[in-house]
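Structural overview
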Amino acid sequence: MIEQKNTTNSSSVENTGFVSNENVLTGRYINNNGSLNVDLLGINRFQKFSIYHYLLMLPLWRLLLMIVLFYSVINLLFAFIYVIMGIHHLQGVISKNFIEDFVEAYFFSSQTLTTVGYGRVSPVGLPANIVASLEALLGIMSLALMTGLLYARFTRPKAYIKYSKLALIAPFREGNALMVRLAPRKINILSEITASIIISLNEEKNGVVHNNFYTLPLQLDHIMSLASSWTLVHPIDELSPLYKLTKEEIDASKLHIMVFVRAFDEGFSNTVVSRTEYMWNNVKTNFKFTPMFQVNENGERMQLDLRKIDAHVKI
């Protein structure tokens, strides 16, 4: 365990949103998807669960699967209701046995739920019409909710930034520097990009281990446009909390490197944010990134090879 250092340039910070204490965190502060690795205690599951934010952040394939399952289950439920109520309440049904009765009821339910209504099968009598009207109401409300949710997901601005999987400590000028690399992974135009790095170290002072946070000054923390890759560089000088730390000391200190990026998306005309984290086992020393930027054969267009964002060589 390393001893706490006196640093002025890389100052200890308390505005990270995380709390410095004597508890040693072996997991992440920031998950791979950019969300915070925090559990809320003291309230029940329903109080802390927001179905809107859950569906908004859900991967698209899971959301589409949930929509298909919801649609299928609702139609199955109403098909059972129509069959139990009596298939004779559905005029125009062509069937010879129970399975065909259920199939006819299922597809009549799907036509009612989506308000398509082809017209061959129609409800007869007050009970069937009441059930059909309730199902149509459910269909209209469900369609409105799904449309709004899909629109919100489609129009929600995102940074679309790809980060290197590793953080490198490489020779820089007269010493070393901590480096992480990022690049745009969409063709959206990001401008006025600012970046900051905050690290967490477990340090010992007076025999007590504390989890301390430091903000790291960068060689360049602001660029006008993210047209190519950007390597964030923190020079490790005498004032850096990482000064002269060996790889073994980095591992013992349970180093966490948190990267925060804020930019302006010109397409959405809105500010977007992105963040990621590197843990001590994601740090390699005496390596440097290799270029991922080039021009095409005729020299008329720039090319950025995202497959090379983690490409590095040993010094």
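Now for a quick tour of the structure. Small disclaimer: the values here were computed from a predicted structure and weren't measured. (Residues numbered from 1 in each chain as written. Predicted model: local features only at pLDDT ≥ 70, side-chain atom pairs only at ≥ 80, totals over all residues. Heavy atoms only, no water.)

**Regarding a nonpolar patch on the surface**
To be explicit about the condition: Like charges within 9 Å and nonpolar side chains (Val, Leu, Ile, Met, Phe, Trp, Tyr) within 5 Å are joined into patches, using only residues over 30% in relative accessible area that form no salt bridge. Computed with a 1.4 Å probe, the accessible areas rest on the Shrake-Rupley method; for each residue, only the protein chains presented here act as cover. Here a salt bridge means any side-chain nitrogen of Lys or Arg lying within 4 Å of a carboxyl oxygen belonging to Asp or Glu. Helical segments are the DSSP runs of H or I of at least four residues, strand segments are the runs of E of at least two, and each set is numbered from the N terminus. Each residue's exposure class comes from its accessible area (1.4 Å probe, protein chains only) as a fraction of the maximum for that residue type: buried when under 20%, exposed when over 50%, partly exposed otherwise.
The grouping of F49, I51, Y52, Y54 and M66 at the surface amounts to a nonpolar patch, some 510 Å² of accessible area in total. If you tally residues by element for the nonpolar patch, the top one is helix α2 (residues 51-57), at three residues. With respect to the helices and strands, the residue Y54 is situated in helix α2. Owing to a relative accessible area of 38%, Y54 belongs among the partly exposed residues under this scheme.

**What to know about the pattern of salt bridges**
Tallied over the full model, the rule gives three salt bridges. R120 is the partner of E104 in a salt bridge, and the nearest nitrogen-oxygen pair spans 2.9 Å. Linking E104 in helix α4 (residues 98-113) with R120 in the loop between α4 and β3 (122-123), this pair joins segments that are 16 residues apart in sequence. Of the residues examined, R120 reaches a relative accessible area of 45% and is grouped as partly exposed.

**Describing the packing of helix α3 (residues 60-85) against α4**
To be explicit about the condition: Note on geometry: axes are C-alpha line fits, over the in-contact stretch for helices, and angles between N-to-C directions span 0 to 180 degrees. In this scheme, roughly parallel covers angles under 35 degrees and roughly antiparallel covers those over 145, while 65 to 115 is roughly perpendicular and the rest are oblique. Crossing handedness: left-handed means the near helix sits turned counterclockwise from the far one by under a right angle, and right-handed means the same turn made clockwise. Residue contacts are defined here by distance: any two heavy atoms, one from each residue, within 4.5 Å place the two residues in contact. Residues are grouped as follows: Ala, Val, Leu, Ile, Met, Phe, Trp, Tyr, Cys and Pro are nonpolar; Asp, Glu, Lys and Arg are charged; every other residue, Gly included, is polar.
Axis separation between α3 and α4 bottoms out at 8 Å; the angle between their running directions is 125 degrees. As far as their axial angle goes, α4 and α3 are oblique. Note that α3 runs across α4; the crossing there is right-handed. Touching Y71, S72, I74, N75, L76, F78, A79, F80, Y82 and V83 of α3 are F98, D101, F102, A105, Y106, F108, S109, S110 and L113, all from α4. Taken together, the residues of the contact of α3 with α4 break down into 14 nonpolar, four polar and one charged.

**Some thoughts on the environment of G299**
Structurally, G299 is set in the loop between β15 (293-295) and β16 (302-304). Taking the C-alpha atoms as reference points, G299 and S191, separated by 108 residues in sequence, lie 24 Å from one another.

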